[in-house]
Amino acid sequence: PLPPMRDWAISPDFASILISLIFDLKPGIILEASSGVSTLISSYCLKELGVGKLYSLDHDEFYAAKTKCHVAQHGLTGIANVIHAPLKEVTIKEKKWLWYENKVLKEIESIDLLIIDGPPSTIQEMARYPALPLLYEKLSRKAAIILDDTIRKDEKNIVETWLKEYPNFEVKIVDTEKGTTILRRKS
């Protein structure tokens, strides 16, 4: 069985949207900020499609190991690569942020789907903001970004800031338990 959903993990409604998005997009590369049940769901979708690779970054060594164990139990190690990536200080527009260590990102050339469910909001204000500025150049032309927890003020502010800085994205806000926002490049 899948690990429990809700609380820190994604909710079932987010999982349903994620599944639909993966089958619509047929991504070659998925990059995920924070690992867990979404890692398993995304990997199962890629397995069903017969194409694609998932890289899941987790700052917490315990949770990274736990997700790796789940991935192995589900027979998805050939699809999902769970990486312990401690949070490191980065500078974006002269402001200091904490974001996942990016050694693995050097291997990734083109991201088709970016799943953002971390880092936790407790580490800093607008904790998930660095995702787009740091990964924008690696996003493919068909790329989609799915952000969880957009019912929260910080995540709403992140989306507003991203749209000001990257006006070539259109936004779809989905009414889910924790709030879901999907960004896609304008045609």
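Computed from a predicted model, the values in this text were never measured in an experiment.

Caption draft 1: Quick peek at empty space enclosed by the protein. All told, the structure shown has 1 cavity of 30 Å³ or more when counted by the stated rule. Taken as a whole, the largest cavity encloses approximately 30 Å³ of empty space. Every residue along the wall of the largest cavity is listed here: Leu31, Glu32, Ala33, Leu57, Trp99, Leu105, Leu114 and Leu135. Here the lining of the largest cavity gets 3 residues from one element, more than from any other, and that element is strand S1 (residues 29–33). Residues of the lining of the largest cavity, tallied by class, amount to 7 nonpolar, no polar and 1 charged.

Caption draft 2: Seen up close, the sheet that holds strand S6 (residues 111–116). Reading across from one edge, S3-S2-S1-S6-S7-S9-S8 is the order of the 7 strands in this open sheet, with mixed pairing throughout. Single-partner strands in this sheet number two, and they are strand S3 (80–84) and strand S8 (169–174). Recorded for the sheet is a direction-independent mean angle of 15° between the axes of neighbouring strands. When S6 meets strand S7 (residues 139–148), the two strands line up parallel, connected through 5 bridges. Within the sheet, the bridge partner assigned to isoleucine 116 lies in S7 and is leucine 147. Seen against the sheet, helix H3 (residues 61–73) touches strand S2 (53–58) and S3 and runs at an angle of roughly 165° to S3. Most of the contacts of helix H5 (residues 153–165) go to S7, to which it runs at about 160°, and overall it touches S6, S7, S8 and strand S9 (180–185).

Caption draft 3: View of helix H2 (residues 37–49). Over its 13 residues, H2 runs 19 Å from end to end, which matches the ideal 18 Å to within 8%, given 1.5 Å per residue. Among the residues making up H2, those that are buried are Val37, Ser38, Thr39, Leu40, Ile41, Ser42, Ser43, Cys45 and Leu46. Against the buried residues of H2 lie helix H1 (12–25), S1, S2, H3, S3 and S6.

Caption draft 4: Geometry of H1. If you check H1, its first and last C-alpha atoms are 20 Å apart, about what 14 residues at 1.5 Å a residue would give, namely 20 Å. On its buried face, H1 sits against S1, H2, S6, S7, S8 and S9. Lysine 26 sits one or two positions beyond H1 and adopts a positive phi of about 50°.

Caption draft 5: Quick peek at the packing of aromatic side chains. Under the counting rule described, the total for this entry stands at 5 aromatic pairs. Between phenylalanine 62 and tyrosine 63, the aromatic rings sit 5.2 Å apart at their centres with planes inclined by 80°, giving edge-to-face as the arrangement. One residue, lysine 95, lies across the ring of tryptophan 97, its end atom 4.4 Å from the ring centre. Directly above the ring of tyrosine 136 sits arginine 185, whose terminal nitrogen or CZ lies 5.1 Å from the centroid.

Caption draft 6: Seen up close, the pattern of salt bridges. The full count for this structure, using the stated rule, is 8 salt bridges. When the shortest N-O distance is used, the salt bridge between aspartate 117 and arginine 128 registers 3.6 Å. A residue pair is termed long-range when its members are at least 10 positions apart, and aspartate 117 in the loop between S6 and helix H4 (131–135) and arginine 128 in the loop between S6 and H4 qualify at 11 residues. Comparing aspartate 117 with arginine 128 shows no difference in burial state: the two are buried.

So, how was this worked out
- Within any chain, residue numbers begin from 1 and follow the written order of that chain's sequence.
- Local features in this predicted model are restricted to residues of pLDDT 70 or higher, and side-chain atom pairs are both shown and tallied only at a pLDDT of 80 or more, whereas totals for entire chains, interfaces and linings draw on every residue.
- Only hydrogens and water are set aside; all other atoms, that is, all heavy atoms of the structure, feed into the side-chain values.
- Every definition here rests on a 1 Å grid over the protein atoms only: cavities are sets of points where a 1.4 Å probe fits but cannot get out, pockets are open sets enclosed by protein on both sides within 12 Å along at least five of seven lines, and lining residues have some atom within 4 Å of a point.
- Grid points are joined across faces, edges and corners, and a volume is the space filled by probe spheres set on the points.
- Segments assigned H or I by DSSP are reported as helices when at least four residues long, segments assigned E as strands when at least two residues long, and all are numbered from the N terminus.
- Here the term charged refers only to Asp, Glu, Lys and Arg, the term nonpolar to Ala, Val, Leu, Ile, Met, Phe, Trp, Tyr, Cys and Pro, and the term polar to all other amino acids, Gly among them.
- Strand pairing follows a simple DSSP-based rule, namely that at least 2 bridges must link the two strands.
- Every angle, taken between N-to-C directions, lies between 0 and 180 degrees, and every axis is a line fitted to C-alpha atoms, over only the stretch in contact when it is a helix.
- In this analysis, two residues are considered to be in contact whenever any of their non-hydrogen atoms come within 4.5 Å of each other.
- Multiplying one less than the number of residues by 1.5 Å gives the expected span of a helix.
- Partly exposed describes any residue whose relative accessible area lies between the buried limit of under 20% and the exposed limit of over 50%, with all areas from a 1.4 Å probe on protein chains only and scaled to the type maximum.
- Between the rings of Phe, Tyr and Trp (Trp by its six-membered ring), a pair exists once the centres lie within 6.5 Å; its type follows the angle of the planes, with under 30 degrees stacked, over 60 edge-to-face, and the other angles tilted.
- Any Lys NZ or Arg CZ that is within 6 Å of a ring centre and within 35 degrees of that ring's normal is treated as a charge sitting over the ring.
- Salt bridges are counted wherever a side-chain nitrogen of Lys or Arg sits within 4 Å of a carboxyl oxygen of Asp or Glu.

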